[in-house]
Amino acid sequence: MEIFSSYNVIIGISLTIILSFIFNGIAKKTNIPAVLMLIILGIVFQYGIKAFGGGAIDFFPILEVLGIVGLIMIVLEAALELELKRDKLVPILKSLAIALIGLIASTYVAAIVLKALIDGMTMQSALLYATPLSILSSAIIIPSVSSLSDTKKEFHVYESTFSDILGIMMFYFLTGKLNPAEDAGFTGFAFNLLLTIIISLIASYGIILIFQKIKSQVKLFLLIAVLLLLYAIGKKMHLSSLIIILIFGLVIANMKLFFKWKLEKLLDMQRAKTIYHELHVVTAETAFVVRTLFFVIFGITITLASLLSLKVALISILIIISIYIIRYALLRVFIGKDITPQLFIAPRGLITVLLFYAIPAEAIIPGFEPGILLFVIIGTSLIMTAGMIRDKKNKGTALTPEEIEAAAAVEVAYIEDMTTDLSEIEDSLDEDHQSDE
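What this report covers is the structure whose coordinates are included nearby. (Residues numbered from 1 in each chain as written. Predicted model: local features only at pLDDT ≥ 70, side-chain atom pairs only at ≥ 80, totals over all residues. Heavy atoms only, no water.)

1. A look at the overall build of the protein chain
This is how the line gets drawn: In this description a helix means any DSSP run of H or I spanning at least four residues, a strand means any run of E spanning at least two, and both kinds are numbered starting from the N terminus. When a residue's accessible area, from a 1.4 Å probe over protein chains only, is under 20% of the maximum for its type it is buried; when over 50% it is exposed; and in between it is partly exposed. Should any heavy atoms of two residues lie within 4.5 Å, those residues are considered in contact. All accessibility values rest on the Shrake-Rupley procedure with a 1.4 Å probe; residue burial counts only the protein chains present in the view.
A count of helical and extended segments in the protein chain gives 17 helices and 0 strands. Here the protein chain, with 437 residues, has 46% of them falling under the buried criterion. Summarising the internal contacts of the protein chain: among those between residues at least 6 apart in sequence, 82% fall at separations of at least 24. In the form shown here, the protein chain has an accessible surface area of approximately 22900 Å², with 68% of it arising from carbon and sulfur atoms.

What follows is the structure in structure tokens.
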């Protein structure tokens with residue numbers, strides 16, 4: 001029997017999506033990330049394929065395409081939920097500072113660990129390998145923080161999105177350093193960033209104004225195709241393409257802010273809002289499917305034997321410890337004492353895998369074990385799971401000072417009402433007694 005026949009592939013993909021939907025339900029109740037369950041499902045599929053005599057298949061091209069599309073959809077989904085208001089400025093700047101400082105510090109410390117413990121690793125190559133290990137995974141974080149308070153959820157959406165974008169920019173900045181002839185330096189990098197922002201704004205305005213005039217019902221996937229095209233062309237031009245997606249999402253989610261004065265007359269607000277709401281639904285659904293397939297295929301490609309290496313375990317544990325020490329310090333400085341469960345929510349995932357496979361051939365170090373990647377992803381996901389479960393239990397057993405104050409106010413009001421009722425009953429009884437006399 002051909003294990004990869006058309007119908008078997010359809011059955012496999014359908015079952016995977018159904019199980020992913022179930023995993024999301026389990027994740028909401030248990031706080032175990034659905035992504036972790038998807039990776040385990042992929043490992044099960046891996047052994048199932050081997051058991052039925054399936055040959056070795058190179059899943060990397062599929063994994064790469066799914067990773068890129070998934071990244072675009074996840075960032076777009078996050079951007080569509082971000083409101084740009086004056087009262088949001090401080091949370092946005094705090095999230096940006098934590099994401100940027102955390103990325104740089106984690107990369108530098110992880111690079112020192114890799115250089116010290118892996119033969120043949122130079123500081124330049126160590127920084128390149130350390131960057132993917134230092135980027136937060138919005139693919140895991142955004143679906144996992146829905147049960148948190150609005151303030152904490154908003155912080156994680158901002159932070160993980162910034163971490164993705166800044167991490168990718170930093171990775172390609174470092175890869176540019178490998179070829180001095182093509183390295184434009186910091187000035188060229190800054191110009192590239194500014195050019196990307198200008199192109200992003202022009203493209204965003206153009207897309208919204210054009211698409212609001214399209215009367216066809218079938219236009220949302222056309223819009224997504226345009227965004228994918230812009231991202232791919234931007235990459236070919238060595239632009240920071242993810243910023244194009246982020247800015248488009250911010251513009252369409254905050255149209256009243258971006259379409260002012262004369263531009264306001266060009267906007268059909270009713271049609272534009274319809275596009276926004278429909279795009280939100282399609283983006284969320286597409287991100288769900290792509291994320292599901294990516295992590296299952298990643299699970300299929302995992303080599304579990306690499307986790308048994310003591311060297312892999314030592315390097316990974318040192319990197320994980322450094323991640324949380326740096327994170328603790330940053331959260332205490334920028335947020336204060338209320339840093340749970342934010343402290344534990346620092347998983348690595350889709351971007352880590354995607355950028356690892358994007359390391360140029362001339363920078364590849366044979367002594368680097370891919371098991372380090374897997375160990376860090378699973379380790380940070382498990383820590384996040386434990387932190388979320390602990391936070392959920394604490395919420396179930398302990399009351400905050402505000403909740404205690406509110407409960408006390410209710411009790412006082414109840415006692416006052418009871419006192420008033422008793423007084424009225426006594427007055428009524430006195431009146432009845434006097435009338436009887």
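Moving on from the coordinates now.
2. So, the pattern of salt bridges
Where charged atoms from two side chains of opposite charge come close, those side chains can pair. Inclusion rule: The salt bridge definition used is simple: a Lys or Arg side-chain nitrogen within 4 Å of an Asp or Glu carboxyl oxygen.
Scanning the model with the defined rule gives 4 salt bridges in all. For Lys88, the salt bridge is made with Glu154, and the minimal N-O distance between the two is 2.6 Å. Placement of Lys88 in the loop between α3 (60-79) and α4 (89-117) and of Glu154 in helix α7 (residues 150-176) is noted, with a sequence separation of 66 residues between them. Note on Lys88: relative accessible area 17%, which makes it buried.

3. Details of a nonpolar patch on the surface
Note the cut-off: Here the term patch refers to residues with relative accessible area over 30% and no salt bridge, with like charges joined within 9 Å and nonpolar side chains (Val, Leu, Ile, Met, Phe, Trp, Tyr) within 5 Å.
A contiguous nonpolar patch, built from Tyr7, Ile10, Ile11, Leu15, Ile18, Phe21, Ile22 and Ile26 and spanning about 850 Å² of accessible area, is present on the exposed surface. Tracing the backbone shows Ile22 in helix α1 (residues 6-30).

4. Describing the nonpolar core
Here is the rule: For the purposes of this section, nonpolar cores are sets of buried Ala, Val, Leu, Ile, Met, Phe, Trp, Tyr and Cys residues that join through side-chain atoms within 4.5 Å.
Residues Leu114 and Ile319 are the most contacted members of the largest nonpolar core, which totals 117 residues. The contacts of Leu114, once residues within four sequence positions are left out, are Met121, Ala126, Tyr129, Ala130, Ile315, Ile319 and Phe368.

5. Section: the side chain of Thr380
Definition in use: Identification of polar contacts relies on pairs of N or O atoms within 3.5 Å, with a donor-acceptor requirement for protein atoms, meaning one able to donate a hydrogen and the other able to accept it, and with residues adjacent in sequence counted only if both atoms are side-chain atoms.
Mapped onto the secondary structure, Thr380 falls in helix α16 (residues 371-397). A distance of 3.2 Å separates the side chain of Thr380 from the backbone nitrogen of Arg348, its partner in a polar contact. A polar contact of 3.2 Å, which involves the side chain of Thr380, links it to the backbone oxygen of Ile377.

6. Observations regarding unusual backbone geometry
Cis rather than trans, the peptide bond between Thr340 and Pro341 has omega equal to 5 degrees. By the secondary structure assignment, Pro341 is in the loop between α14 (310-334) and α15 (350-356).

7. So, the packing of aromatic side chains
The criterion, for reference: Ring geometry is summarised as follows: Phe, Tyr and Trp rings, the Trp one being its six-membered ring, pair when their centres sit within 6.5 Å, and such pairs are stacked at plane angles under 30 degrees, edge-to-face over 60 and tilted between the two. Criterion for a charge above a ring: Arg CZ or Lys NZ at most 6 Å from the ring centre, at most 35 degrees from the ring normal.
Under the defined criterion, the tally for this structure stands at 7 aromatic pairs. On the basis of an interplanar angle of 90 degrees and a centroid distance of 5.2 Å, the ring pair of Phe294 and Phe295 is categorised as edge-to-face. Centroid distance Phe356 to Tyr357: 5.4 Å. Interplanar angle 70 degrees. Geometry classified as edge-to-face. Take Phe356: its relative accessible area is 14%, and that puts it in the buried class. Three or more aromatic residues joined by ring pairs make a cluster, and in this case those are Tyr129, Phe356, Tyr357 and Phe368. Its guanidinium or amino end placed over the ring of Tyr47, Lys50 lies 5.3 Å from that ring's centre, counting from NZ or CZ.

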